[in-house]
Amino acid sequence: MENTAASSSRPRLAGLKVLVIDDSKTIRRTAETLLAREGCEVFTAVDGFDALSKIADHQPDRIVPPRRRGDVGLGVQEETARRRRDGARLRDRGRERHA
């Protein structure tokens, strides 16, 4: 019976590394507080790019995705589209110079 008493006083999720992704600071902080209270090591990310960096740096055991689907992907899609536009502009400028 002593093991049961000892295990109930220890946080249930002790040592679990969790990444919380959301663009809302309130959501991130609330999740961080609740998970830390249960013994988790919590990392937060604002968007997909931030999440990718945190995943590489901390290798979380679990990921809590944004509350709305598409939040993470949307940031990645927007950045990819911007980079493509910028790359196309650079290629066009290069062609003008060599023509």
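Above: the structure in question.
An account of the accompanying structure is given in this report.

The rules we used
- Positions within a chain are numbered from 1, following the residues in the order the chain's sequence is written.
- Where local features are concerned, this predicted model is filtered to residues with pLDDT of at least 70; where side-chain atom pairs are given and counted, the filter is 80 or more; whole-chain, interface and lining totals use all residues.
- Where side-chain values are given, they derive from all heavy atoms of the structure, hydrogens and water being excluded.
- A run of DSSP states H or I qualifies as a helix once it reaches four residues; a run of E qualifies as a strand once it reaches two. Both are numbered from the N-terminal end.
- Expected helix span is taken as 1.5 Å per residue step, with the number of steps being one fewer than the number of residues.
- Only protein chains enter the accessibility calculation, which uses a 1.4 Å probe; a residue whose area is less than 20% of its type maximum is buried, one above 50% is exposed, and one in between is partly exposed.
- As used here, the arc belongs to the directions running from the helix axis to the C-beta atoms.
- Should any heavy atoms of two residues lie within 4.5 Å, those residues are considered in contact.
- Nine residue types can take part in a nonpolar core, namely buried Ala, Val, Leu, Ile, Met, Phe, Trp, Tyr and Cys, and a core is a set of them joined through side-chain atoms within 4.5 Å.
- Note on pairing: DSSP must find at least two bridges between two strands before they are called paired.
- A fitted line through C-alpha atoms serves as each axis, taken over the contacting stretch for helices, and the angle formed by two N-to-C directions is quoted from 0 to 180°.
- The handedness rule is simple: strands pointing away from the viewer, and a clockwise path from the first strand over the helix to the second, make the crossover right-handed.
- To count toward a patch, a residue needs a relative accessible area over 30% and no salt bridge; like charges are then connected within 9 Å, while nonpolar side chains (Val, Leu, Ile, Met, Phe, Trp, Tyr) are connected within 5 Å.
- Method for areas: the Shrake-Rupley scheme with a 1.4 Å probe, in which residue coverage is limited to the protein chains shown.
- Between Lys or Arg on one side and Asp or Glu on the other, a salt bridge is scored when a side-chain nitrogen of the former is within 4 Å of a carboxyl oxygen of the latter.

Its 13 residues place the ends of helix α2 (residues 25-37) 18 Å apart at the C-alpha level, agreeing with the 18 Å of an ideal helix rising 1.5 Å per residue. Restricting attention to buried positions, one finds in α2 the residues R28, A31 and L35. All buried residues of α2 fall inside an arc of 70 degrees around its axis, so they share one side. In α2, the exposed positions angled more than 90 degrees off the buried face are occupied by T26, R29 and R37. Structurally, α2 contributes buried residues whose contacts are with β1 (17-21) and β2 (41-45). Directly beyond the C-terminal end of α2, a positive phi value near 100 degrees is found at G39.

Counting six residues, the largest nonpolar core consists of V18, V20, A31, L35, C40 and V42. Going through the elements one at a time, β1 and α2 are the ones with two or more residues in this core. Residues within four places of V18 in sequence aside, it is in contact with L35, C40, E41, V42, F43, P60, R62 and V64. Of all hydrophobic cores here, the second largest spans five residues; its members include L19, I21, A45 and A51.

With parallel pairing, three strands are arranged side by side in an open sheet as β2-β1-β3. Both outer strands of the open sheet, β2 and β3 (62-64), are each paired with one neighbouring strand and no more. Mean inter-strand twist for the sheet, computed between neighbouring axes without regard to direction, equals 20 degrees. Pairing of β1 with β3, which is carried by three bridges, proceeds in the parallel orientation. Bridge assignment links V20 to a residue of β3, and that residue is V64. On top of the sheet, helix α3 (residues 48-58) reaches β1, β2 and β3; it is set at about 150 degrees to β2, its chief contact.

Attention shifts here to the pairing of β2. Of the pairings in the sheet, the one linking β1 to β2 comprises five bridges and is parallel in character. Bridge pairing in β2 links L19 to F43. Since β1 and β2 lie parallel, the crossover through α2 that links them has a hand, and here it is right-handed.

The next thing to look at is a nonpolar patch on the surface. Taken together, the side chains of F49, L52, I55 and I63 define a hydrophobic patch exposed on the protein surface, amounting to about 330 Å² of accessible area. For the nonpolar patch, the element with the highest residue contribution is α3, accounting for three residues. Assignment of secondary structure puts F49 in helix α3. By relative accessible area, which is 32% here, F49 ends up partly exposed.

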